Amino acid sequence: MARSRSSSLSRLRYINPAYYLKRPKRLALLFIAFVSVTLFVWDRQTLVREHEVEVSMLKEDMIQLQNQLEELKNIQGVSGEKMNLNGKHSEVSKKEGTPDDPIDIQRRQKVKDAMLHAWNSYEKYAWGQDELQPQTKNGVDSFGGLGATLIDSLDTLYIMGLDEQFQRAREWIANSLDFNKNYDASVFETTIRVVGGLLSAYDLSGDKVFLEKAKDIADRLMPAWNTPSGIPYNVINLVHGNAHNPGWTGGDSILADSGTEMLEFIALSQRTGDPKYQQKVENVIAELNKTFPADGLLPIYINPHRGTTSYSTITFGAMGDSFYEYLLKVWIQGNRTTAVKHYREMWETSMKGLLTLVRRTTPSSFAYLCEKIGSSLIDKMDELACFAPGMLALGSSGYGPDESQKFLTLAEELAWTCYNFYQSTPTKLAGENYFFHAGQDMSVGTSWNILRPETVESLFYLWRLTGNKTYQEWGWNIFQAFEKNSRIESGYVGLKDVNTGVKDNMMQSFFLAETLKYLYLLFSPPSVIPLDEWVFNTEAHPLRIVTRNDQEGNSGGSDRQHKLIVRSRARKEGRFGDD
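Residues numbered from 1 in each chain as written. Predicted model: local features only at pLDDT ≥ 70, side-chain atom pairs only at ≥ 80, totals over all residues. Heavy atoms only, no water.

**Topic: the sheet that holds strand β6 (residues 235-237)**
Strands sit in the order β5-β6-β7 across an open sheet of three strands; the sheet is antiparallel. A single partner strand is all that each edge strand has here, and the edge strands are β5 (184-186) and β7 (243-244). Here β6 runs beside β7; their pairing, made up of two bridges, is antiparallel. Bridging across to β7, Val235 finds its partner in His244. Sitting on the sheet, helix α7 (residues 187-205) is in contact with β5 and β6, with an inclination near 65 degrees to β5. (Pairing = 2+ DSSP bridges. Helix = DSSP H or I, 4+ residues; strand = E, 2+ residues; numbered from the N terminus. Contact = heavy atoms within 4.5 Å. Axes fitted to C-alpha atoms, helices over the stretch in contact; angles between N-to-C directions.)

**Points about the environment of Tyr277**
Along the polypeptide, Tyr277 turns up in helix α11 (residues 276-290). As a C-alpha pair, Tyr277 and Met262 span 15 residues in sequence and 8.9 Å in three-dimensional space. Leave out the neighbours within four places in its chain, and Tyr277 touches Lys215, Ala218, Asp219, Met222, Phe265, Leu268, Ser269 and Thr272.

**Re the layout of surface pockets**
In this structure, the second largest pocket spans a volume of roughly 520 Å³. Along the walls of the second largest pocket sit 27 residues, with Phe188, Glu189, Asp321, Leu384 and Arg452 positioned nearest its centre. At the level of elements, α7, α9 (255-258), α12 (321-333), α16 (454-466) and α18 (509-522) are the ones that each hand at least two residues to the lining of the second largest pocket. With four residues, the single largest contributor to the lining of the second largest pocket is α7. For the lining of the second largest pocket, a count of residues per class yields 13 nonpolar, four polar and ten charged. (1 Å grid on protein atoms, 1.4 Å probe; cavity = no way out; pocket = protein on both sides within 12 Å on 5 of 7 lines; lining within 4 Å. Points joined across faces, edges and corners; volume = space filled by probe spheres on them. Nonpolar A, V, L, I, M, F, W, Y, C, P; charged D, E, K, R; others polar.)

**Things to note about empty space enclosed by the protein**
Under the defined criterion, the tally for this structure stands at four cavities of 30 Å³ or more. Approximately 50 Å³ is the volume found for the largest cavity. In terms of lining, the largest cavity is formed by Ile332, Arg336, Leu394, Tyr461, Leu531, Trp534, Val535 and Phe536. The element that contributes the greatest number of residues to the lining of the largest cavity is strand β19 (residues 534-536), accounting for three residues. When the residues that make up the lining of the largest cavity are grouped by side-chain class, the tally is seven nonpolar, no polar and one charged.

**Brief notes about the pattern of salt bridges**
Taken as a whole and judged by the stated rule, the model has 26 salt bridges. Glu287 is the partner of Lys290 in a salt bridge, and the nearest nitrogen-oxygen pair spans 3.0 Å. Taken together, the residues Lys290 and Glu287, both in helix α11 and three residues apart, mark about one turn of the helix. Looking at Lys290, the relative accessible area reads 63%, which means it is exposed. Exposure remark for Glu287: the relative accessible area of 14% places this residue in the buried category. A salt bridge links Asp382 to Lys380, with the nearest nitrogen and oxygen atoms 2.8 Å apart. The pair Asp382 / Lys380 is uniform in exposure class, with both members buried. (Salt bridge = Lys/Arg side-chain N within 4 Å of Asp/Glu carboxyl O. Buried < 20%, exposed > 50% of the residue type's maximum accessible area, 1.4 Å probe, protein only.)

**Quick look at the packing of aromatic side chains**
This structure, assessed with the given rule, holds 29 aromatic pairs. Consider the rings of Trp119 and Trp127, whose centres lie 5.8 Å apart with planes at 85 degrees: the pair is edge-to-face. A residue is classified by how much of its surface remains accessible, and Trp127, at 30% relative accessible area, is partly exposed. Aromatic pair Tyr461 and Tyr518: ring centres 6.4 Å apart, planes at 50 degrees, arrangement tilted. (Phe/Tyr/Trp six-rings, centres within 6.5 Å; stacked < 30°, edge-to-face > 60°.)

**A short note on helix α14 (residues 388-396)**
Burial of α14 is extensive: nine of the nine residues sit out of reach of the surface. What α14 keeps buried is the set Ala388, Pro389, Gly390, Met391, Leu392, Ala393, Leu394, Gly395 and Ser396. Along its buried surface, α14 packs onto α12, α13 (341-355), β11 (367-369), α15 (401-423) and α16.

**Observations regarding the UniProt feature "active site" (unreviewed entry) in the protein chain**
UniProt marks Glu189, Asp321, Glu432 and Glu454 with the feature "active site" (unreviewed entry), using the numbering shown here. Checked against the lining of the second largest pocket, the annotated residues reduce to Glu189, Asp321 and Glu454. Looking at where Glu432 falls in the secondary structure, it is placed in the loop between α15 and β15 (433-437). For Glu432, a relative accessible area of 11% corresponds to the buried category. (UniProt positions renumbered as here; feature names shortened; annotations may be inferred.)

**Considering the nonpolar core**
Formed by 149 residues in total, the largest nonpolar core has its most connected members in Phe316 and Phe421. For Phe421, the residues in contact, after removing those within four places along its chain, are Met381, Asp382, Cys386, Leu429, Ala430, Tyr434, Phe436 and Met442. (Core = buried A, V, L, I, M, F, W, Y, C linked by side-chain atoms within 4.5 Å.)

**Some details on the side chain of Arg464**
Examined against the element boundaries, Arg464 turns out to sit in helix α16. One buried charged residue, Arg464, remains without a salt bridge, the closest side chain of opposite sign being Asp532 at 7.6 Å. Only 3.0 Å separates the side chain of Arg464 from the backbone oxygen of Ile529, close enough to count as a polar contact. What Arg464 contacts, discounting residues up to four positions off in sequence, is Leu521, Pro525, Pro526, Val528, Ile529, Pro530 and Leu531. (Lys, Arg positive; Asp, Glu negative; His and termini not counted. Polar contact = N/O pair within 3.5 Å; in protein donor to acceptor, adjacent residues only side chain to side chain.)

**Remarks on the packing of helix α10 (residues 262-272) against α11**
Look at α10 against α11: their axes get within 7 Å of each other, and the N-to-C directions meet at 150 degrees. On the basis of their axis angle, the class for α10 and α11 is roughly antiparallel. For the crossing formed where α10 meets α11, the hand is left-handed. On the side of α10, the interface is formed by Met262, Phe265, Ile266, Leu268, Ser269 and Thr272, while α11 contributes Lys276, Tyr277, Gln278, Val281, Glu282 and Ile285. Looking at the contact of α10 with α11, its residues break down into seven nonpolar, three polar and two charged. (Parallel < 35°, antiparallel > 145°, perpendicular 65-115°, else oblique. Left-handed = near helix turned anticlockwise from the far one by under 90°.)

Printed below as a string of structure tokens:
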């Protein structure tokens, strides 16, 4: 026992600092040993970190090489393969006829890389939230926590062939998406982004989880149409179903917010076989058609109790725009049959009114669309109204030869103006709206840019419908301006001022849903989302065209229509894939 105690005390002296102070050589050896071990551990950790970075870079290089290989297959007209959601491979048909332009391939890849940067930033910093704030690297629930960016991006991911990202988003929707939120949601924004995004993902993939979720959120929106006139309230609580209008409208409903749900709700009736969705939205058009004016131009405020318009602005910009867009697109969605002819007729009436709003600047003769209050014209045009060139081009084919050319020419003139909204600023990005003065052409009004898509949307349609590659060049210039001014390490941001380039802190969900999708399609073959098979909603979500017959009239969807959808999807599975 005494020997054991003595041995223990002997060992303890080595941890006593006084022992080493009396023996400097041993202290020096201990210090050298400590430094050596520290350097060894630090070196190992550094090597591990460097290895992780190298592995990550190699993965990125591998993805890029895979993408380039797929693009080379496109040039040679080789059919690729795309993994579907069930893990089975299905052929992806490529562009028929002439090979893909190598410049288009390179530009398309650049846009795809931009989408990956935006998506990866969202996934890293704001997963499951509505939108990313890139500068502060956090998410924000701009729409009540419905996963707006995630849902808005689904079809863009699918079209670009980003299967792993699409699958992760699909799993979040299946397992985490919950609409049971005590939140007053915009009926319009929720419809175009969430219902539209889910239905498009369903039409593209055939995965029923998207249809089930679309039905869930649509059912929560339905009480908004329970008004004396059938004109919906524009805000509704997703849990309690209490609907109302914003206080700043004086109790009125907004034209665009009330008349931009037809595509989505008609499609939902067709896919589910339940006519109630279609009936609600088509009743709105029937009500407005009762007092539709001779020039087809409606003020932006409508009384939901009487169904009549209130004295307010007439515009193809904010709060008016997509109402006119959907008159045309419901006609296209129904495959231009007599069952949807009245939509086309209303649209053509409105286009007569649009012609009365066209003015031209001096000295450069830029065509633009005025706004109107009463009988007074206002020389102002929103960038939002830059959807109109695409709409006019898309609708021109329904006219006779002379009228068709007239509207196509106007579309091209307006597109030139919208492109110059971009080119006229130091950053080459457009402001929110422009004013026009005699002898001065145009000047930016509200000077922010929030990554809007309307101009590139119109360039996409004009390129598809005319084949004029000038529109691709304009789109490429706009894309480069976004890359230069809006891309940061953690995503994309808008500009507070297009003159100074000062950045904001928001990556809008429509940048991924619309702006990047239209830019990608601008450099893709026409067989990718062909316009004779798909119609885009106002958030750029493609929905399959389904022929509507006379006997169906306005009564809603049918099981037969739903079966046609399924057969069409099975027949053309993978038609739109590119990478």
